[in-house]
Amino acid sequence: MASGNPSVHPYGLDPDTIDRPVFTATIRPHQSLSRRGFRVVMTGCCAVSVAVSVWAWRMGFWPVAGFFGLDMLAIYAALKVSFRRGRSFEEVMISQIEILLARVSHRGERREWRFNPLWTKLETVEDDEYGLQRLTLVSRRQQALVARDAGPDERARIAQGLSAALAQVKKGY
């Protein structure tokens, strides 16, 4: 039964490569504002706030200055929270024997889902106007959202790669 070629396993799959990834992806949420952009936005907002506050103070509307200060604190806090949440990511890995989806939060908390690739299918929810809205790995009673923080175009590219990898893994058996 064994062939003359030692690099080919007699039953098809090489046991040394069975857990080697067929597909891997790290998915990060989109952030449109860089650190430098944050400084520019905050400087511009503060400059406008100070200019309007000084004008309002001179006109006798002194409470306006305090409210502008609160607005600047709120904008600063919102942008900082957005940056912090941007540190989260998802990792997807497909090998011949398992699919691993790991979601790491901005706090460093890790949650994992493991699926058998032979019983797993990829479900998509698509909108004609907005593109791919939802991408889900489903296996028996377990399901997990993939690329939940990605945009529709990036989610579609990930779906394409996942579908091709799943087809390749299922074809190998």
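Note on numbering: residues in each chain are counted from 1, in written sequence order. Local features in a predicted model are, by the rule used here, given only for residues with pLDDT of at least 70; side-chain atom pairs are given and counted only at 80 or more, and totals for whole chains, interfaces and linings are based on all residues. Only heavy atoms go into the side-chain values, all of them from the structure, while hydrogens and water stay out.

A.B. asks: Describe the overall build of the protein chain, naming the residues involved and giving the relevant values.
C.D. replies: Strands are runs of DSSP state E lasting at least two residues, helices are runs of H or I lasting at least four, and both sets are numbered from the N terminus onward. Secondary structure summary: the protein chain contains three helices and seven strands in total. Along the protein chain, from the amino end to the carboxyl end, the secondary structure elements read β-α-α-β-β-β-β-β-β-α. Taken over 173 residues, the protein chain has a buried fraction of 29%. Here the analysis covers contacts within the protein chain between residues at least 6 apart in sequence; of these, 52% occur between residues at least 24 apart. To be clear on the numbers: accessible area is Shrake-Rupley with a 1.4 Å probe, and residue cover counts the displayed protein chains and nothing else. In the form shown here, the protein chain has an accessible surface area of approximately 11900 Å², with 55% of it arising from carbon and sulfur atoms. Exposed residues in this analysis have more than 50% of their type's maximum accessible area, buried residues have under 20%, and partly exposed residues fall in between, with area computed by a 1.4 Å probe over protein chains only. We call two residues in contact when some of their heavy atoms are within 4.5 Å.

A.B. asks: An account of the side chain of Glu 90 is needed here, citing residue identities and associated values.
C.D. replies: Relative to the helices and strands, Glu 90 resides in strand E2 (residues 89-94). In this structure Glu 90 comes out as buried when scored by relative accessible area, which is 4%. Within 3.5 Å is the distance limit for a polar contact, defined as a pair of N or O atoms, with the added protein rule that one can donate a hydrogen and the other accept it, and that residues adjacent in sequence qualify only through two side-chain atoms. Of the polar contacts made by the side chain of Glu 90, one reaches the backbone nitrogen of Arg 148; its length is 3.3 Å. Residues within four places of Glu 90 in sequence aside, it is in contact with Ala 25, Thr 26, Ile 27, Leu 101, Ala 102, Arg 103, Leu 145, Val 146, Ala 147, Arg 148 and Asp 149.

A.B. asks: Give a description of the packing of helix H1 (residues 35-59) against helix H2 (residues 63-85) that names residues and reports values.
C.D. replies: Interaxial angle, 0 to 180 degrees, is taken between N-to-C directions of lines fitted to C-alpha atoms, where a helix line uses only the stretch in contact. Interaxial distance between H1 and H2 falls to 9 Å at its minimum, and their mutual angle equals 170°. Viewed along their axes, H1 and H2 adopt a mutual orientation that is roughly antiparallel. Of the residues in H2, those touching H1 at Arg 35, Phe 38, Val 41, Met 42, Cys 45, Cys 46, Ser 49, Val 52, Ser 53, Ala 56 and Trp 57 are Val 64, Ala 65, Phe 68, Met 72, Ile 75, Tyr 76, Leu 79, Lys 80 and Phe 83. Amino acids outside the nonpolar list (Ala, Val, Leu, Ile, Met, Phe, Trp, Tyr, Cys, Pro) and the charged list (Asp, Glu, Lys, Arg) are all regarded as polar, and Gly is one of them. Here the contact of H1 with H2 is composed, by residue class, of 16 nonpolar, two polar and two charged. An angle below 35 degrees is read as roughly parallel, one above 145 as roughly antiparallel, one from 65 to 115 as roughly perpendicular, and any other as oblique.

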